[in-house]
Amino acid sequence: MEDNCEGCMELFSQDGVLLKQAHSYYIQYFNESGTLYITEYANTKDRFIEWKPNSVTVHSDSHDSEWSFVNAIYRGEQMSPQPPDSKPKYIKLDMNQVRSFKVSKKNDTMTFFDGKGEILCHFFFQHGNCFSLFAALKGLLKTTVSKRDKNIHIIVDETLQLNKSFATLDLFQDSQSASIVWGFVRSFQEKPVETAFGAFAKIGNTIGNNFMPSSSPQPIEEEVITNDVKEYERGVESSDGASPKDYEIIHSSPELPSRLQYPRGNPLSYDQWTALQDSEGRIEDVEYTKLHIFRGGIAPSLRKVVWKYMLDFYPWNSSNADRKTILGKKEQDYYDMKLQWKTLKPWQLQNFVQLRDRLSLVEKDVTRTDRTLPFYAGDNNKNLQAMSDILMTYVMHNFDLGYVQGMSDLLSPILYLLQNEVDAFWCFAGFMERVCTNFDADQAGMKTQLSNLYILLKFSNPTLASYLDNQESGNMFFCFRWLLVLFKREFELHDVFRLWEVVWTNHPCNNFHLLISIAILEKQQSEFIGEEMGFNEILKHVNDLSGKLDVNDILDNAEGLYYQIRESSQLTNEVRQILGLPLIAESSPKDDSTDSIENELMANVDKAYENGLHTSYF
Amino acid sequence: MENMATRTQTAQRPNGSAQGKICQFKLVLLGESAVGKSSLVLRFVKGQFHEYQESTIGAAFLTQTVCLDDTTVKFEIWDTAGQERYHSLAPMYYRGAQAAIVVYDITNQDTFGRAKTWVKELQRQASPNIVIALAGNKQDLANKRMVEFEEAQNYADENTLLFMETSAKTAMNVNDIFLAIAKKLPRNEQASGASASGQGRRLAEGDTGARAAGSCCK
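A brief structural summary. (Residues numbered from 1 in each chain as written. Chains lettered and ligands numbered in written order. Predicted model: local features only at pLDDT ≥ 70, side-chain atom pairs only at ≥ 80, totals over all residues. Heavy atoms only, no water.)

### Structural notes on the pattern of salt bridges
- If you walk through the whole model with that rule in mind, you get 26 salt bridges over all chains.
- A salt bridge links Arg-264 of chain A to Glu-559 of chain A; the shortest N-O distance between them is 2.2 Å. Taken together, the residues span a long stretch of sequence, with Arg-264 of chain A in the loop between helix H6 (218-234) and helix H7 (270-275) and Glu-559 of chain A in helix H22 (residues 551-566) at a distance of 295 residues. Comparing Arg-264 of chain A with Glu-559 of chain A shows no difference in burial state: the two are buried.
- A salt bridge links Asp-105 of chain B to Lys-138 of chain B, with the shortest nitrogen-to-oxygen separation between them at 3.4 Å. Pair noted here: Asp-105 of chain B is in strand S5 (residues 99-105) and Lys-138 of chain B is in the loop between strand S6 (131-137) and helix H4 (149-158), with a separation of 33 residues, a long-range link.
- The exposure class of Asp-105 of chain B is buried, given its relative accessible area of 6%.
- Lys-138 of chain B sits in the partly exposed class, given a relative accessible area of 23%.
- In the salt-bridge network here, residues are joined through shared partners; they are Asp-370, Asp-409, Lys-488 and Arg-489 of chain A together with Glu-54 of chain B. (Salt bridge = Lys/Arg side-chain N within 4 Å of Asp/Glu carboxyl O. Helix = DSSP H or I, 4+ residues; strand = E, 2+ residues; numbered from the N terminus. Buried < 20%, exposed > 50% of the residue type's maximum accessible area, 1.4 Å probe, protein only.)

### Structural notes on the interface of chain A and chain B
- Taken together, the contact pairs 34 residues of chain A with 33 residues of chain B.
- A combined buried area of about 3,100 Å² lies between chain A and chain B, and 51% of that area is made up of carbon and sulfur atoms.
- At the boundary of chain A with chain B, the tally comes to one salt bridge.
- As a salt-bridge pair, Glu-54 of chain B and Arg-489 of chain A come within 3.7 Å of each other at their nearest N and O atoms.
- Linking chain A to chain B there are 11 residue pairs in polar contact (both at pLDDT 80 or more).
- Top element by residues in the side of chain A that touches chain B is helix H21 (residues 535-543) of chain A. It accounts for six residues.
- Among the residues making up the side of chain A that touches chain B, the classes are represented as 12 nonpolar, eight polar and 14 charged. (Contact = heavy atoms within 4.5 Å. Buried area = accessible area lost by both parts, 1.4 Å probe. Polar contact = N/O pair within 3.5 Å; in protein donor to acceptor, adjacent residues only side chain to side chain. Nonpolar A, V, L, I, M, F, W, Y, C, P; charged D, E, K, R; others polar.)

### Focus: the environment of Tyr-86 of chain B
- With respect to the helices and strands, the residue Tyr-86 of chain B is situated in the loop between strand S4 (71-80) and helix H2 (90-94).
- Looking at Tyr-86 of chain B, the relative accessible area reads 4%, which means it is buried.
- Distance in space between the C-alpha atoms of Tyr-86 of chain B and Ile-57 of chain B is 9.0 Å, their sequence separation being 29 residues.
- Not counting residues within four places of it along the chain, the set of residues in contact with Tyr-86 of chain B comprises Val-404, Gln-405, Phe-439, Gln-443, Phe-480 and Leu-484 of chain A together with Ala-81 of chain B.
- Only 2.5 Å separates the side chain of Tyr-86 of chain B from the backbone oxygen of Gln-405 of chain A, close enough to count as a polar contact.

### Description of the packing of aromatic side chains
- Enumeration according to the criterion identifies 41 aromatic pairs over all chains in this entry.
- Between the aromatic rings of Phe-294 of chain A and Phe-512 of chain A, the centroid separation amounts to 5.3 Å while the plane-to-plane angle is 75°, which identifies the pairing as edge-to-face. With Phe-294 of chain A in helix H8 (residues 286-296) and Phe-512 of chain A in helix H20 (residues 512-530), this pair connects stretches of sequence that are 218 residues apart.
- With relative accessibility at 0%, the residue Phe-294 of chain A sits in the buried group.
- Among the residues examined, Phe-512 of chain A registers a relative accessible area of 2% and is labelled buried.
- Aromatic pair Phe-477 of chain A and Phe-480 of chain A: ring centres 6.1 Å apart, planes at 20°, arrangement stacked. The same class applies to Phe-477 of chain A and to Phe-480 of chain A, which are both buried.
- Taken together, Trp-307, Phe-375, Tyr-376, Tyr-416, Phe-431, Phe-497, Trp-500 and Trp-504 of chain A form an aromatic cluster joined through their ring pairs.
- Arg-264 of chain A extends its terminal NZ or CZ atom over the ring of Phe-294 of chain A, reaching a point 5.4 Å from the ring centre.
- A cation over an aromatic ring shows up here: Arg-371 of chain A above the ring of Tyr-52 of chain B, its NZ or CZ 3.8 Å from the ring centre. (Phe/Tyr/Trp six-rings, centres within 6.5 Å; stacked < 30°, edge-to-face > 60°. Lys NZ or Arg CZ within 6 Å of the ring centre and 35° of its normal.)

If you want it as structure tokens, here you go:
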């Protein structure tokens, strides 16, 4: 790299690295072999990940014009998404832009993310080993393993975050103030708590006097917290350009860290979906796909396709050819099962009370399911007939479970969306696999859910939990309908689509729907308590919320709640178990993983930020 | 929970003059799926009928007030899910109830059998003084009748149940069956404090009085 890197030091290099994915401007180099470097510039200490194709010789004079955004963030500018004017000769990625990276299970690919869910670069290691690059990165950066995906490593460099936060705010127009702040930043690294407590008040004054004469200093502290905590926790959501208006901090329990907001992202688009598939139509990165869906859902026109994967109709790794075979088999199986009950003679049915009863239950419910939707309205409606046939065939598919009230509510949106009997049947069957314990004969599954809901509520909002307890509502039975049909009765159809596909991703944890419940309940807290509602009124109030809820706001808060709970220093194994977090030995509450020291450190850092920053203004 | 006392208190009209007693009763609807429990409640409380009333999941709670002589009777109505699978939830709703309407569908013999099972369960497990009414619903479909009026009447007599055939669709006998229950309920002066189950914790006097006057004295 010496030929194009004046005053820069090569920290690492590796041959045989193929560029698989990057900005489309570099498409000419895709699948080309090259050399990957980590470089550091002596004067600025900025580090870069560089990749140079074997076929190209780079000259130093082309360097600056190609990547003019280098250091841009220090000048308070956003990185230019536009490709450079001149034809690029190689990839040069500012490490400050990398928020996380993913190492494939086979250790043969590495992907760098920008923190907004976008891929910066994706490399393939010909010799099947990206260990050395991984080790080099670990040596240079502080990282933590993502709880969502153990292959994702989130970069947690608080210095960087602080630098970036202050710089982005563009506060420091005179060098003296800047030096005070950077001095603070340096000592913060060494003695976070003391520095935060002691020095931040001064900085507050400085900022107040020099930079923000008319406004409260609060946005700065929030910016810092947001950057750091968010980056640490999510590794994907960059807060570049986030304004204080983008979030609010909600205090619900003294034990929990502050609530951050997680605005929903963009839905998975057709182009993105296509790009996620390999040449044979297999989804390569399932977890990434699910994460995208968790954030922003699926574009309405694409739901028909993607729901089949979410509901186990097609395996994620199926090729186009596989899917053709699978579809044929599923069609055959469905019609075979349908014939089984369709061809019963009247006298057979007459002497088969268990089946007859089940079929009668289906009929009773089908005629009154979503009849206000034009899709199911009117006499002799063929969609209603399809719903009935699917549910009856499901009785044959799983006779022990049969038909239980609530199932028609789960099928209706699926049939509405897919508009195909066979597809809807198997997707419904896949959905039932997830929720069949809701329909246990002894209600065991529902009781467990309600009890888990109470445990989570008591942990996250003891005030509300104890109020409900006092009103004999601690059994949470007023949430029965929410949980039984996964909020299907609470939202308008398109919001149900959205909520369901988010829950089906299993992100960010198990039982996310219980956190959704709490996010709804906490908004009712003031009415519950203020109006002294009792058992009856609470149930009535909750039933009457139907059609009045904002799905995005609720998902946003439920996700915020998840991180609050997860980062709480009081987190119990009981709560961990419900959310599917790793359990820990009772004696050492933080020692739950190999990177526990990092976790602990980060937790302390977060706490120091909050304590220090808040204290300085109170 | 076992507090059976009827709550009574003297309500004030908005103008301050005494209106008489207010009684508050907990009433639960039980019966097989799709016999019309929710439709009966909806007709009684809101005067509405939906041909394709959706199934009840969990339970619903509604209130309605009727005037009876000098007494205002406030019904706190628990409407439950009928399917056998949700049977285990029912005790939570009929516990402490002073009245129950067990509903069957006159066009379906099985639902009458199921109604008898509910009556037995109430007699065995609910409050001993519970007033039970039997409602043979969907009377508007009498041409498809599978349960004879006399059969049901005899059964009701044997078990000292109130009995009426009703139609939520045409409103036939709907208010009447609730009124008949109200008449049968003890309206003594024995006032109770906050009930154990927390239902109807207090009566906001002006508010309740006004609503009672508006909704039941028409």
